[in-house]
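Chain and residue survey
Below, each chain spelled out in residue letters.
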Amino acid sequence: MSMSGDSQEPHKDQSQAPLIEHLIELRSRLMKAVVVVLVVFLGLYAFANDIYSFVAEPLMALLPEGSQMIATEVASPFLAPFKLTLVVAVFIAIPFVLHQAWAFVAPGLYDNEKALAIPILVSSIALFYAGAAFAYYVVFPLLFEFFTQTGPENVAVMTDINQYLNFVLKLFFAFGVAFEIPIATFLLILSGATTVESLSKKRPYVILGCFVVGMLLTPPDVISQSLLAIPMYLLYEVGLLFGRLVRRKAKADDAEEQET
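All values reported here derive from a predicted model rather than from experimental measurement. (Residues numbered from 1 in each chain as written. Predicted model: local features only at pLDDT ≥ 70, side-chain atom pairs only at ≥ 80, totals over all residues. Heavy atoms only, no water.)

1. Digging into the overall build of the protein chain
The criterion, for reference: Secondary structure is summarised from DSSP: a helix means a run of H or I of at least four residues, a strand means a run of E of at least two, and numbering begins at the N terminus for each. Partly exposed describes any residue whose relative accessible area lies between the buried limit of under 20% and the exposed limit of over 50%, with all areas from a 1.4 Å probe on protein chains only and scaled to the type maximum. Contacts are residue-level and defined by heavy atoms, with any inter-residue pair within 4.5 Å sufficient. Under the convention used here, a 1.4 Å probe and the Shrake-Rupley method define accessible areas, while residue burial counts only the protein chains that appear.
In terms of helices and strands, the protein chain carries nine helices and zero strands. Listed by position from the N terminus, the elements making up the protein chain come as α-α-α-α-α-α-α-α-α. Relative to its 260 residues, the protein chain shows a buried fraction of 32%. For the protein chain, restricting intrachain contacts to residue pairs at least 6 apart in sequence, the fraction spanning at least 24 positions comes to 84%. Of the roughly 16400 Å² of accessible surface on the protein chain, 69% is carried by carbon and sulfur atoms.

What follows is the structure in structure tokens.
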């Protein structure tokens, strides 16, 4: 029995060794990502109030001269810029964080998967940034102009800084994720989970779904809902376009292989 136990023990150690190594590597890469976020945060913290002023500019530009935000909680003047700076640090460090995730999973991928994954990763980052920029430069001015002009004339707009931060962060995230639709559509087609023809037939349901998502993720008004739903649908069409191009390329490659 002892011989049987001795012969099984090395096999057990060998099976556990790769898992332990992977966990150690994962911890190392997570620590690197956290350190980079903290370094970026510490570098930005001196400008925390300036960053908050920049994010608040779309609303403040529409308020009467001399207007200002208010803080209804004791710690809000400190916590709101602190939280915003931390979010911006994560936002800036996203490329490095995703690079660490890529470096962790890349050894298990085939060469053709690596060649495809890198453009998808870069495109995902660029689209998320584009969504946030679209929210700040296009959506916020239109949205805040609508809010400030539709209220009663005898009501002064005095927004709490913490409530404003939660509001804009929600929209940043919503538009950043919405701009990932081309990637999601492309991956569905590429994986074979669906086809371009099937997705094209579902356009009416997609349009309805975009407006439902816009209703759930944005304030309860038609303008903000449409400003999210319309770009979502257009990005869906972009995903279908790339899906058609990839399918044509795959067919051309198959034809070349058959000829050879």
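2. What about the environment of Arg-244?
For Arg-244, the position within the fold is in helix H9 (residues 222-259). Look at Arg-244 and you get partly exposed, because its relative accessible area is 25%. Sequence separation of Arg-244 and Leu-190 is 54 residues, and the distance between their C-alpha atoms is 9.9 Å.

3. Some points on the confidence of the model for the protein chain
Going by this rule: Scored from 0 to 100, pLDDT reflects the predictor's confidence in each residue.
When pLDDT is averaged across the protein chain, the result is 82; 87% of the residues are at 70 or more. Confidence scores differ between elements of the protein chain, with helix H1 (residues 2-45) showing the lowest mean pLDDT of 74 and helix H2 (residues 48-60) the highest of 93. Confidence over residues 1-16 falls short of pLDDT 50; this stretch has zero contacts with residues more than four positions distant or in other chains.

4. Side note on the nonpolar core
Note the threshold: Residue types Ala, Val, Leu, Ile, Met, Phe, Trp, Tyr and Cys, when buried and joined through side-chain atoms within 4.5 Å, form a set referred to as a nonpolar core.
Within the largest apolar cluster, 44 residues are counted, with the highest numbers of intra-cluster contacts made by Tyr-52, Phe-140, Tyr-164, Val-168 and Phe-172. Of all the secondary-structure elements, those providing two or more residues to this core are H2, helix H3 (76-105), helix H4 (111-150), helix H5 (161-178), helix H6 (181-191), helix H7 (196-201), helix H8 (203-217) and H9. Each residue touching Val-168, except ones within four places of it in the same chain, is listed here: Val-55, Phe-140 and Phe-144.

5. Structural notes on the UniProt feature "transmembrane region" (unreviewed entry) in the protein chain
Heads up, the condition is: UniProt positions are given in the numbering used here, feature names are shortened, and annotations may be inferred rather than shown by experiment.
As recorded in UniProt, the feature "transmembrane region" (unreviewed entry) lies at residues 30-48, 84-105, 117-144, 164-193, 205-222 and 228-246. Taken end to end, residues 228-246 is 100% helix and 0% strand, and its first and last C-alpha atoms sit 27 Å apart.

6. Comments concerning H2
Side chains of residues three or four places apart in an α-helix project in the same direction, reflecting 3.6 residues per turn. The condition is simple: For a helix, the expected span equals 1.5 Å multiplied by the residue count minus one. In this analysis the local bend is the angle between axes fitted, respectively, to the seven residues ending at and the seven residues starting at the residue.
Taking 1.5 Å of rise per residue, the 13 residues of H2 would be expected to cover 18 Å, and the 17 Å separating its terminal C-alpha atoms lies within 8% of that figure. Bending of H2 peaks at approximately 30° at the position of Phe-54, with proline Pro-58 no more than four residues after it. Among all positions of H2, only Ala-48, Ile-51, Tyr-52, Val-55, Ala-56, Pro-58 and Leu-59 are buried.

7. As for the packing of H2 against H3
What counts, and what does not: Geometry is summarised by axes, namely lines fitted to C-alpha atoms with helices restricted to the contacting stretch, and by angles between N-to-C directions that run from 0 to 180 degrees. Any angle from 65 to 115 degrees is called roughly perpendicular, while one under 35 is roughly parallel, one over 145 is roughly antiparallel, and all others are oblique. Put simply, Ala, Val, Leu, Ile, Met, Phe, Trp, Tyr, Cys and Pro go in the nonpolar bin, Asp, Glu, Lys and Arg in the charged bin, and everything else, Gly too, in the polar bin.
In contact at an axis separation of 9 Å, H2 and H3 are set at 85° when each is read in the N-to-C sense. As the angle between them shows, H2 and H3 are arranged roughly perpendicular. Only Ala-80, Pro-81, Leu-84, Thr-85 and Val-88 of H3 make contact with H2, whose side of the interface consists of Ala-48, Asn-49, Ile-51, Tyr-52 and Val-55. Of the residues in the contact of H2 with H3, the class split is eight nonpolar, two polar and no charged.

8. Points about the packing of aromatic side chains
Selection criterion: Note on aromatic contacts: the rings of Phe and Tyr and the six-membered ring of Trp form a pair at centre separations within 6.5 Å, being stacked when their planes are under 30 degrees apart, edge-to-face when over 60 apart, and tilted otherwise.
Summed over the entire model, instances satisfying the criterion amount to 17 aromatic pairs. With centroids separated by 5.1 Å and ring planes inclined at 75°, the aromatic side chains of Phe-41 and Phe-82 adopt a geometry described as edge-to-face. With Phe-41 in helix H1 and Phe-82 in helix H3, this pair connects stretches of sequence that are 41 residues apart. The class of Phe-82 is partly exposed, set by a relative accessible area of 31%. Through pairs of rings, three or more aromatic residues link up here, namely Tyr-52, Phe-54, Tyr-136, Tyr-137, Phe-140, Phe-144, Tyr-164, Phe-167 and Phe-172.

9. Here's the deal with the pattern of salt bridges
Pairs may arise between side chains of opposite charge once their charged atoms sit close together. Put simply, the rule is: When a carboxyl oxygen of Asp or Glu lies within 4 Å of a side-chain nitrogen of Lys or Arg, that pair is called a salt bridge.
As enumerated under the stated definition, the model contains two salt bridges in all. Salt-bridge contacts for Glu-25 lead to Arg-29; the nearest nitrogen and oxygen are separated by 3.2 Å. Placement of the pair is Glu-25 and Arg-29 together in helix H1, with a separation of four residues, close to one helical turn. Using a relative accessible area of 26% as the deciding quantity, one classes Glu-25 as partly exposed.

10. Section: a nonpolar patch on the surface
Here is the rule: Only residues whose relative accessible area exceeds 30% and that form no salt bridge are eligible for patches; like-charged ones are grouped when within 9 Å, while nonpolar side chains (Val, Leu, Ile, Met, Phe, Trp, Tyr) are grouped when within 5 Å.
A cluster of nonpolar side chains, contributed by Tyr-45, Phe-78, Leu-79, Phe-82, Leu-86 and Val-90, occupies part of the molecular surface with about 490 Å² of accessible area. Mapped onto the elements of the fold, Phe-78 is located in helix H3.

11. A closer look at the side chain of Gln-100
Take Gln-100: it is sitting in helix H3. By relative accessible area, which is 7% here, Gln-100 ends up buried. Leave out the neighbours within four places in its chain, and Gln-100 touches Arg-29 and Lys-32.

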